[in-house]
Amino acid sequence: MLKKRIIITLTFFDGILFRTKNFRPDYRYTKNFIDLWSIDELILVDISKKKNPNRFLEIINFFKENCFVPITVGGGINTEEYADKLFRNGCEKILLGSNSIKNQTLLKRLSLKYGSQAILQSINFKKKNNEYYATSNNGKNIIQEDSLKIIKNLIKNGAGEILINNVDNDGGLLGYDIKLIKHISSNINIPLLALGGAGNWEHILELFKKTDVSGACTQNIYHFTEESIKSAKNFLKSFNINVRV
Amino acid sequence: MKLGIIDLDIANIGSLESAFNKLNIKYKICKSEKDLININKVILPGVGSFKAFMKKVKDNDLEKKIKEMNINNCSILGICLGFQILFNKSSEHGISQGLKLIEGQVNNFKEVDKNIQTPHVGWNSCKFNLPSKLFENVLDNSDFYFTHSYFASKIDKKFVISRTFYDFNFVSAVQKKNLYGVQFHPEKSQSAGLKLLKNFVDFC
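The numbering scheme is per chain: residues are counted from 1 as the chain's sequence reads. Key to labels: chains lettered from A, ligands numbered from 1, both in the order written. With pLDDT at 70 or above as the cut-off, local features in this predicted model cover only qualifying residues; side-chain atom pairs require 80 or more to be listed or tallied, and sums for whole chains, interfaces and linings still use all residues.

Caption draft 1: Local environment of the overall build of chain A. Scanning chain A for helices and strands turns up eight helices and twelve strands. Here chain A holds 245 residues, and the buried ones make up 48% of them. Across chain A, contacts joining residues at least 24 apart in sequence account for 64% of those joining residues at least 6 apart. What counts as a helix is a DSSP run of H or I of at least four residues, what counts as a strand is a run of E of at least two, and both are numbered from the N terminus. Residue burial here comes from a neighbour count, namely the number of other C-beta atoms, placed from the backbone, that lie within 10 Å of the residue's own C-beta, with 20 or more meaning buried, 12 or fewer meaning exposed, and in between meaning partly exposed. Remark: residues whose backbone-derived C-beta atoms lie within 7 Å of one another are considered to be in contact.

Caption draft 2: Region of the structure containing helix α5 (residues 147-156) of chain A. All names here are of chain A. For α5, the set of buried residues is Ser147, Ile151 and Leu154. Projected down its long axis, α5 shows its buried positions confined to an angular sector of 60°, all on one face. Within α5, the exposed residues directed more than 90 degrees away from the buried face are Lys149 and Lys156. Structurally, α5 contributes buried residues whose contacts are with α3 (99-102), α4 (105-114), β7 (119-128), β8 (131-136), β10 (161-166) and α6 (178-185). Glycine 158 occupies a position one or two residues after α5 and carries a positive phi of about 125°. Arc definition: directions from the helix axis to the C-beta atoms.

Caption draft 3: Representation of the sheet that holds strand β11 (residues 150-153) of chain B within the structure. The strand order across the open sheet formed by four strands is β6-β5-β7-β11 (chain B), and the pairing between neighbours is mixed. Of all strands in the sheet, those with a lone pairing partner are β6 (96-97) and β11 of chain B, marking the two edges. Pairing between two strands requires that DSSP report at least two bridges joining them.

Caption draft 4: Inspection of the interface of chain A and chain B at higher detail. Taken together, the 29 residues of chain A in the interface contact 30 residues of chain B. For the side of chain A that touches chain B, the secondary-structure elements that each account for two or more residues are α1 (53-66), α2 (80-88) and α4 of chain A. Residues are sorted three ways: Asp, Glu, Lys and Arg are charged, Ala, Val, Leu, Ile, Met, Phe, Trp, Tyr, Cys and Pro are nonpolar, and all the rest, Gly among them, are polar. The class makeup of the residues in the side of chain A that touches chain B is eleven nonpolar, eight polar and ten charged.

Caption draft 5: Geometry of the sheet that holds strand β1 (residues 3-6) of chain B. Residues and elements named next belong to chain B. Pairing is mixed across the open sheet formed by eight strands, whose spatial order is β2-β1-β3-β4-β14-β13-β12-β9. A single partner strand is all that each edge strand has here, and the edge strands are β2 (28-30) and β9 (127-128). Pairing of β9 with strand β12 (residues 160-166), which is carried by two bridges, proceeds in the antiparallel orientation. Looking at β12, one finds that phenylalanine 128 is bridged to serine 162. Axes here mean lines fitted to C-alpha atoms, for a helix over just the part in contact, with angles spanning 0 to 180 degrees between N-to-C directions. Sheet contacts for helix α1 (residues 13-22): β1, β2 and β3 (41-46); angle to β3, the most-contacted strand, approximately 140°.

Caption draft 6: Representation of the nonpolar core within the structure. Any set of buried Ala, Val, Leu, Ile, Met, Phe, Trp, Tyr and Cys residues joined through C-beta atoms within 7 Å is what this text calls a nonpolar core. Counting 131 residues, the largest nonpolar core has A:Leu42, A:Leu44, A:Ile94, A:Ile164, A:Ala194 and A:Ala216 as the members making the most contacts within it. The element contributing the most residues to this core is helix α2 (residues 50-59) of chain B, with five residues. Residues contacting A:Ile164, with those up to four places away along its chain left out, are A:Ile123, A:Phe125, A:Leu180, A:Ile181, A:Ile184, A:Leu192 and A:Ala194.

Caption draft 7: Molecular detail of unusual backbone geometry. Residues and elements named next belong to chain B. With an omega dihedral of -5°, the bond running from threonine 118 to proline 119 counts as a cis peptide bond. For asparagine 73, which is not glycine, the phi dihedral falls at a positive 65°. With respect to the helices, strands and loops of the structure, asparagine 73 is situated in the loop between α3 (62-71) and β4 (75-80). Taking the C-beta count within 10 Å as the criterion, asparagine 73 has 9 such neighbours and is therefore assigned exposed. The phi torsion at lysine 154 lies on the positive side, around 55°, for a residue other than glycine. Take lysine 154: it is sitting in the loop between β11 and β12.

Caption draft 8: Focus on the confidence of the model for chain B. pLDDT is defined as a per-residue confidence score from the predictor, taking values between 0 and 100. Mean pLDDT for chain B: 95, with 100% of residues reaching 70 or above. Here the predicted complex scores 0.93 on pTM and 0.90 on ipTM.

Caption draft 9: Structural context of the packing of helix α7 (residues 201-210) of chain A against helix α8 (residues 228-238) of chain A. Residue and element names in this part refer to chain A. α8 packs onto α7 with a crossing angle of 45° between their chain directions and a minimal axis gap of 10 Å. For the element pair α7 / α8, the angle class is oblique. The two elements α7 and α8 meet at a crossing, and its hand is right-handed. Listed contacts from α8 to Trp201, Ile204, Leu205 and Phe208 of α7 are Ala232, Phe235 and Leu236. Note on angle classes: values under 35 degrees are labelled roughly parallel, values over 145 roughly antiparallel, values of 65 to 115 roughly perpendicular, and the remainder oblique. Two helices cross in a left-handed way if the nearer one is turned anticlockwise from the farther one by less than a right angle. They cross in a right-handed way if the turn is clockwise.

Caption draft 10: Here's a closer look at the environment of A:Ile59. Residue and element names in this part refer to chain A. Of note, isoleucine 59 is situated in helix α1. Owing to 18 C-beta atoms within 10 Å, isoleucine 59 belongs among the partly exposed residues under this scheme. Separated by 154 residues in the primary sequence, isoleucine 59 and valine 213 place their C-alpha atoms 28 Å from one another. Each residue touching isoleucine 59, except ones within four places of it in the same chain, is listed here: Phe12, Gly15 and Leu44.

Caption draft 11: Layout of the pairing of strand β14 (residues 179-182) of chain B. All names here are of chain B. Neither face of β14 is left uncovered, since the one carrying Leu179 and Gly181 and the one carrying Tyr180 and Val182 both have all their residues buried. Looking at chain direction, β4 and β14 are connected through four bridges and run parallel. Its bridge partner being in β14, leucine 77 is matched across the sheet by tyrosine 180. In textbook terms, the turn of a hairpin is the stretch between consecutive antiparallel strands, and for strand β13 (residues 168-176) and β14 this stretch comprises two residues, one of which, lysine 177, has a positive phi near 50°.

Here you go:
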């Protein structure tokens, strides 16, 4: 049976690991705290204002050499050449952001070249007048278009998995936006990953119990101790969630 | 033993390199037929589309070479798409011919069940079918990382060494004498995956 995935998302600002809150960098961590043998997958995002590909590649290399799980990388991937470089350096998947909502040429090209399974498309949502809207520009601008239509178009053009986040929940530790996630997952037929809001293990349990997402992403709670991902998985397992322990 | 990893500028060689570095196993990156001279154990990794990958294999004069190595008792391990091209043909982007080293064909999960979610991605368990050196000291039902929308079928069961359940049981690993293939990514499957790669080098 296919397992539910626990995915760690790490954001880097000028080469330093950051925690974010409502999409603003919060404070520093060190990557050495992460329990690399219990995670199922890793997402590395470069949120530096001024991108330095070589510095980011050094970070990718550190993880590539130390944890043998799939690595997705993202943040400022706007050219095929940069994507090629990342794939060649040991990344399984590329994370594309709101740029590919506007222009899907890169998405199409990468998907044809590497297969749709190599493309994780992220969409950041914001709630306005009780409706969910996709956003662009790091969650700042609302896109006035039916969000399901946007997602279906992205899937048609080659997205293999979708990562959704509610900008208002980011770093808030109050739980995932179950309503949003249910709304999306019941309308698409590719793996869906949820990010934003995991404050404790009950939140992840609630996510897996109430929705059929393939994976729970978190950037908040697992960084601190060696054993925490392991114990989170044991906790989920005790509630009959099918995770890899 | 001399280990080669075939690199056609499309597969993710970086992860395999890290895995063998971690295992302290030396390897040679092989981009063409002549790089494979003196190699007697070879890994054939692949991502992307079947058609494009087969074209790369042919353009680099590797089709004949791989078949020749197979006949000459070199051990070959196909990974993911490198596993799929071992079979006769695939339906991806229209029918394309494979290496035909093992009887079988490759189809999309959706051709069997149009409501199935693809790609099949994540950790899933391998149920062993027949004993194989490749799985030596690996526990039955161990989890490996998969990411694919196509699967191999119509394979003689005497070559099937493991199956995996996703809507139905599909073939996740094969062995035909010294020819091995796995649908999953051992290089991305932590300790079980590293063990498998070491087994290939040590015992296969």
